[in-house]
Amino acid sequence: MVRGAGFAFTGVAMRVLLTMGSTAILARLLMPEDYGLVALASIVTGLAAILNTISLSAILIQRKRIARIQCDTVFWFLAGLGVLASAVIAGLSPLFGELLGDSRIVPLLRAMSVLFLIEQLMVIQHVTMMRLMMFQLDFRIQVASLFVRIAVSILGGLLGWGAWALVAGALSGTTFNVAYMWYEFPYVPRLKFRWSFLRENIRTSASMFGNGVIAYALGNIDYVIVGRRFGAVELGYYQAAFSLSAELRNRLSGPLQRVLFPAYSLVRGEPERFRRGVTKSLLLLSAAVAPLGFGMAATAEEIVTLLYGQKWLAAIPLLQALGVAGAMRAIFSLCASMFYAINRADALFKLTLFGSPVRIGIVLAGSYWGTVGVAYGMTVAQVMGFVTGVVAFRLCGIPVR
């Protein structure tokens with residue numbers, strides 16, 4: 001686990017450097033409106049992540065032994081969902097354009113809908129890599145895919161593609177990721193399917209799916225509010241600030257979560273060892289993330305000016321609020337691995353469901369003070385993450401203090 005975390009955080013360092021460098025370039029090649037349009041489209045394409053929360057793949061990672069027929073079943077089931085989702089999003093893209101108040105996202109949505117299918121084509125490869133804890137390979141794949149994404153996006157920016165530069169980068173990076181995974185793990189699914197496997201795991205999978213649906217809604221409510229009420233330009237500023245604060249979760253807690261979920265699952269039968277591992281990992285992550293989040297808020301003016309340039313100054317007050325929110329989100333995001341490892345996804349679903357109206361209400365109230373109010377509303381709403389953490393600690397037998 002320590003070696004895996006080492007590779008994960010080495011990848012973090014490289015990705016942060018690459019992301020900062022590409023951001024500084026793309027922010028000068030593209031306009032805030034371009035980022036805003038892609039952010040609006042991403043509200044819809046974010047549904048692709050919900051397919052992953054059906055979490056049949058997580059069940060395969062969690063089990064001590066798996067059979068090939070189970071892998072075949074998961075592959076065909078998720079691939080079928082991917083085809084269906086791609087067709088639905090492409091077909092309903094004009095409706096989504098109307099709902100989000102900007103018809104310019106329709107062609108972007110049709111192109112990005114392919115991501116729904118592409119993401120599902122490497123599910124068994126990902127399961128294999130996580131079960132064997134091959135984090136060095138994961139490191140190579142993630143960094144190489146990011147190189148491809150950045151290169152294509154910058155090329156598109158230089159050629160004047162506008163928002164399409166970001167779309168082309170996302171499609172290219174994801175496609176390369178899938179191709180690399182298939183090269184390393186040439187798994188060919190058989191034309192076999194077992195419904196009994198789905199029925200056996202429907203409850204756990206449904207809870208994980210429910211968590212994903214609610215997390216998607218909560219994770220995009222701010223984008224919807226800003227896009228609908230204040231337009232694509234304001235959403236571009238908001239997305240720029242949010243993406244910087246989200247780096248704390250994506251680059252620190254995200255890679256660590258990929259390491260910890262299989263590790264927690266392996267030792268869940270040893271309560272003391274499990275509790276000790278959970279406590280240490282949370283303390284270490286908090287010690288790293290909290291200073292970064294508050295530091296990002298304190299130096300927002302310098303960060304925005306350096307990375308984005310003078311035309312992005314409106315993002316400064318947004319980053320001042322969202323930097324703190326990003327730190328809290330990063331810390332509490334690890335609680336999901338605790339619920340899943342002890343097979344209590346149902347408890348997480350109930351907590352998320354009951355806490356959703358509170359979070360949404362806080363963000364809506366903040367919107368009366370403009371985009372900055374939405375940002376501060378997101379920060380205040382993170383108190384629900386603390387409640388989830390308390391319940392997770394108690395279920396795992398860990399003192400809250």
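Chemist: What is the right way to read helix 14 (residues 271–298) from this model?
Modeler: Taking 1.5 Å as the rise per residue, helix 14 with 28 residues should run 40 Å; its terminal C-alpha atoms sit 40 Å apart, in good agreement. Burial in helix 14 covers these residues: F274, V278, S281, L282, L285, V289, G293, M296 and A297.

Chemist: What exactly am I supposed to notice about the pattern of salt bridges here?
Modeler: Taken as a whole and assessed by the stated rule, the structure comprises 5 salt bridges. The salt bridge involving D72 is made with R190; its shortest N-O contact spans 2.7 Å. Separated by 118 residues along the polypeptide, D72 in helix 5 (residues 68–91) and R190 in the loop between helix 11 (163–184) and helix 12 (195–200) bring together distant segments of the chain. On the accessibility criterion, D72 (0% relative accessible area) is buried. Its relative accessible area of 26% is what places R190 among the partly exposed residues. R140 is the partner of E184 in a salt bridge, and the nearest nitrogen-oxygen pair spans 3.9 Å. One end of the pair, E184, is in helix 11; the other, R140, is in helix 10 (residues 135–158), and 44 residues separate them in sequence.

Chemist: I would appreciate a short explanation of the nonpolar core in the present structure.
Modeler: It is characteristic of soluble globular proteins that their nonpolar side chains tend to be buried jointly. Residues Y238, Y308 and W312 are the most contacted members of the largest nonpolar core, which totals 57 residues. In terms of residue count, helix 13 (residues 202–267) provides more of this core than any other element does, 13 residues in total. With 26 residues, the next largest nonpolar core counts M122, V127, L137 and F185 among its residues.

Chemist: What exactly am I supposed to notice about the side chain of T371 here?
Modeler: Within the fold, T371 resides in helix 19 (residues 370–381). Ignoring any residue separated from it by four or fewer positions in sequence, one finds T371 in contact with V226, F230, E234, Y238 and L318.

Chemist: Is there a simple way to explain the side chain of S153 in this structure?
Modeler: Checked against the element boundaries, S153 lands in helix 10. From its side chain, S153 meets the backbone oxygen of A165 in a polar contact 3.4 Å long. Not counting residues up to four positions away in its chain, the partners in contact with S153 are L26, A165, L166 and G169.

Chemist: Could you clarify how one ought to interpret the packing of helix 14 against helix 16 (residues 316–332) in this entry?
Modeler: How two helices sit against one another is set out by the angle between their axes and by the gap between those axes. Between helix 14 and helix 16, whose axes approach to 7 Å, the crossing angle comes to 175°. Between helix 14 and helix 16, the angle falls in the class roughly antiparallel. Judged by residue contacts, L282, L285, S286, V289, A290, G293, F294, M296 and A297 of helix 14 engage L319, Q320, G323, V324, A327, A330 and I331 from helix 16. Looking at the contact of helix 14 with helix 16 residue by residue, the class counts come to 12 nonpolar, 4 polar and no charged.

Analysis parameters
Residues numbered from 1 in each chain as written. Predicted model: local features only at pLDDT ≥ 70, side-chain atom pairs only at ≥ 80, totals over all residues. Heavy atoms only, no water. Helix = DSSP H or I, 4+ residues; strand = E, 2+ residues; numbered from the N terminus. Expected span 1.5 Å × (residues − 1). Buried < 20%, exposed > 50% of the residue type's maximum accessible area, 1.4 Å probe, protein only. Salt bridge = Lys/Arg side-chain N within 4 Å of Asp/Glu carboxyl O. Core = buried A, V, L, I, M, F, W, Y, C linked by side-chain atoms within 4.5 Å. Contact = heavy atoms within 4.5 Å. Polar contact = N/O pair within 3.5 Å; in protein donor to acceptor, adjacent residues only side chain to side chain. Axes fitted to C-alpha atoms, helices over the stretch in contact; angles between N-to-C directions. Parallel < 35°, antiparallel > 145°, perpendicular 65-115°, else oblique. Nonpolar A, V, L, I, M, F, W, Y, C, P; charged D, E, K, R; others polar.

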